[in-house]
Amino acid sequence: MEKFFNKIKKKLVWFLVSFVLSEWCLVVVTQLIMTFSKFKLSLTTTILLETVKETLLHPFQTIQTLIETKNPLFIMGTIGLLLYCASVQIKLASKEKKEGWEADERNQYHGSARWAREKEIFDGKNYLAQSKQEILKNFTASLDQPTEGEETR
C-alpha cells in the first residue's frame, strides 16, 4: 500500500512541476502578446526585455493582474494546460508492463532483437565453452609446434 502511495506522490509531483513550468511560460507569452498589442509599431527590444524581466521576477503579481482583468488568453491557456498535464500523466500511468505480443520472447516477430542465451551460443558444434586456462594452454602449445616450412629444414 505504501508503494502505491509513493507512486501516486511521484506522479503528483511531476504533474505539479510540469504544470508550474508550463504556467510560467504561459504567463510570459501572455505578457508578450499584451505588450505587442499595447505598443504595436513603437515596440523595441528594450521594452520586450523589460517586460520579460518583470514577468519572470514577479510571476505571482502578473498572474494576479491577469486574473483580475479576466484575460481570456491566460484563462483558456491555464485550463488547456491543466487538461494537457493531466492527460499526459494519465497516458504515462497507463503504460505499464505490456503482455502478449509486445513482450513475448517465445513468439517473436520482426524487430524483436534480444541478447542470446548462453546455451544458444555454446551449442557444442560451432562454439565451445572453455576456461581461460584451457585456451591459454592450447595457444601456447600451438606456438611450440613447428610450422610446415620449418619441418623440412
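Reading the values: rules and limits
- Residues numbered from 1 in each chain as written.
- Predicted model: local features only at pLDDT ≥ 70, side-chain atom pairs only at ≥ 80, totals over all residues.
- Heavy atoms only, no water.
- Helix = DSSP H or I, 4+ residues; strand = E, 2+ residues; numbered from the N terminus.
- Buried < 20%, exposed > 50% of the residue type's maximum accessible area, 1.4 Å probe, protein only.
- Contact = heavy atoms within 4.5 Å.
- Expected span 1.5 Å × (residues − 1).
- pLDDT = per-residue confidence, 0-100.
- Axes fitted to C-alpha atoms, helices over the stretch in contact; angles between N-to-C directions.
- Parallel < 35°, antiparallel > 145°, perpendicular 65-115°, else oblique.
- Left-handed = near helix turned anticlockwise from the far one by under 90°.
- Nonpolar A, V, L, I, M, F, W, Y, C, P; charged D, E, K, R; others polar.
- Core = buried A, V, L, I, M, F, W, Y, C linked by side-chain atoms within 4.5 Å.
- Phe/Tyr/Trp six-rings, centres within 6.5 Å; stacked < 30°, edge-to-face > 60°.

Quick word on the overall build of the protein
In terms of regular secondary structure, the protein is built from 7 helices and 0 strands. The linear arrangement of helices and strands in the protein, starting from the amino end, is α-α-α-α-α-α-α. When burial is assessed residue by residue, the protein has 13% of its 153 residues classed as buried. Here the analysis covers contacts within the protein between residues at least 6 apart in sequence; of these, 63% occur between residues at least 24 apart.

Observations concerning helix H4 (residues 72-93)
The end-to-end C-alpha separation of H4 is 31 Å, in line with the 32 Å expected for 22 residues at 1.5 Å each. The inward-facing, buried residues of H4 abut helix H1 (2-39) and helix H3 (59-68).

With respect to the side chain of Glu23
Examined against the element boundaries, Glu23 turns out to sit in helix H1. Those residues in contact with Glu23, other than ones at most four positions away along the chain, are Phe74, Thr78 and Leu81.

Digging into the confidence of the model for the protein
Across the protein, the average pLDDT comes to 82, with 85% of residues at 70 or higher. The lowest-confidence element of the protein is helix H7 (residues 148-151), averaging 66 in pLDDT; the highest-confidence one is H3, averaging 92.

Topic: the packing of H1 against H4
With their axes 9 Å apart at the nearest point, H1 and H4 run at an angle of 150 degrees to one another. With respect to their mutual orientation, H1 and H4 come out roughly antiparallel. Like other packed secondary-structure pairs, H1 and H4 cross with a definite hand, here right-handed. Every residue of H4 that contacts H1 at Lys11, Trp14, Phe15, Ser18, Phe19, Ser22, Glu23, Leu26, Val27, Thr30 and Ile33 is listed here: Leu73, Phe74, Gly77, Thr78, Leu81, Leu82, Cys85, Ala86, Gln89 and Ala93. Taken together, the residues that form the contact of H1 with H4 break down as 13 nonpolar, 6 polar and 2 charged.

Some thoughts on the nonpolar core
Phe15, Phe19, Leu26, Val27, Leu66, Phe74, Leu81 and Cys85 form the largest nonpolar core, which has 8 residues in total. Mapped onto this core, the elements with two or more residues apiece are H1 and H4. Counting residues per element, this core draws most heavily on H1, which supplies 4 residues. Sequence-distant contacts of Leu66, that is, excluding residues within four places in its chain, are made with Val27, Thr30, Gln31, Asn71 and Phe74.

Overview of the packing of aromatic side chains
Per the counting criterion, the structure on display carries 1 aromatic pair. Each ring, one from Phe15 and one from Phe19, has its centre 6.3 Å from the other, and the planes form 10 degrees; the classification is stacked. With Phe15 and Phe19 both in helix H1 and 4 residues apart, this pair spans about one turn of that helix. The buried category is assigned to Phe15, whose relative accessible area is 18%.

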